[in-house]
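Architecture and fold: a report
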Amino acid sequence: MSIIDKLLQADAGSLFEVPTKKYEIKRLSKKLKEKFEIELTALPPDRYAEIQRAQIELTKKGSFHDIEMFTPKMLTLLYGIKEPNIKDKRLLSHFNLVTPKQFITKLFLAGEIDNIKNEIDKLSGYDKDDAETDEEIKN
């Protein structure tokens, strides 16, 4: 059976289903004395392209100036955290914050931000373990 035949027989709903995952922030679970989980979702390719564009800082003449590292992390979390809704006005107001970015930087430690981003990357198909396995097979 060809790949086209397999695709034609596949259920489009399950084939195009966006991966999600519950992820526990253990430090916050300890502080709240109950399990603190956030739900993460994979990002589509066009969203990743948008995030990558935000990483490059250009001069007024359009030449390369610098690479911004923090903004792409923030955008990945902003788009990849499904629950809680970190854009919820009541949530921001309760903590006297204006933007979801402020909420992320107040709620999570730097290492937690990196770990959450890595989990979103994995859900989105960027798995370092798979890349290493592919390299080992090539060699």
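Above this text you will find the structure in question.
For the structure given in this document, a descriptive report is provided here.

Let us look at the sheet that holds strand E5 (residues 81-83). The three strands lie next to each other as E1-E2-E5, forming an open sheet whose pairing is antiparallel. The two strands at the open ends of the sheet, each matched to only one other strand, are strand E1 (20-24) and E5. Strand-to-strand, the axes of this sheet are offset by a mean angle of 40°, without reference to chain direction. As judged from the two bridges shared by strand E2 (residues 37-41) and E5, these two strands associate in the antiparallel manner.

What follows deals with the packing of helix H4 (residues 45-55) against helix H5 (residues 70-80). Angle between the axes and distance between the axes are the two parameters that describe a pair of packed helices. For the pair H4 and H5, the least separation of the axes is 8 Å and the interaxial angle reads 155°. Here H5 runs roughly antiparallel to H4, going by the angle between their axes. Read as a crossing pair, H4 and H5 show a hand that is right-handed. The segment H4 lies against H5, with Arg47, Tyr48, Glu50, Ile51, Ala54 and Gln55 engaging Thr71, Pro72, Leu75, Thr76 and Tyr79. Within the contact of H4 with H5, the residues separate by chemical class into six nonpolar, three polar and two charged.

Cut-off values and rules
Residues numbered from 1 in each chain as written. Predicted model: local features only at pLDDT ≥ 70, side-chain atom pairs only at ≥ 80, totals over all residues. Heavy atoms only, no water. Pairing = 2+ DSSP bridges. Helix = DSSP H or I, 4+ residues; strand = E, 2+ residues; numbered from the N terminus. Axes fitted to C-alpha atoms, helices over the stretch in contact; angles between N-to-C directions. Parallel < 35°, antiparallel > 145°, perpendicular 65-115°, else oblique. Left-handed = near helix turned anticlockwise from the far one by under 90°. Contact = heavy atoms within 4.5 Å. Nonpolar A, V, L, I, M, F, W, Y, C, P; charged D, E, K, R; others polar.

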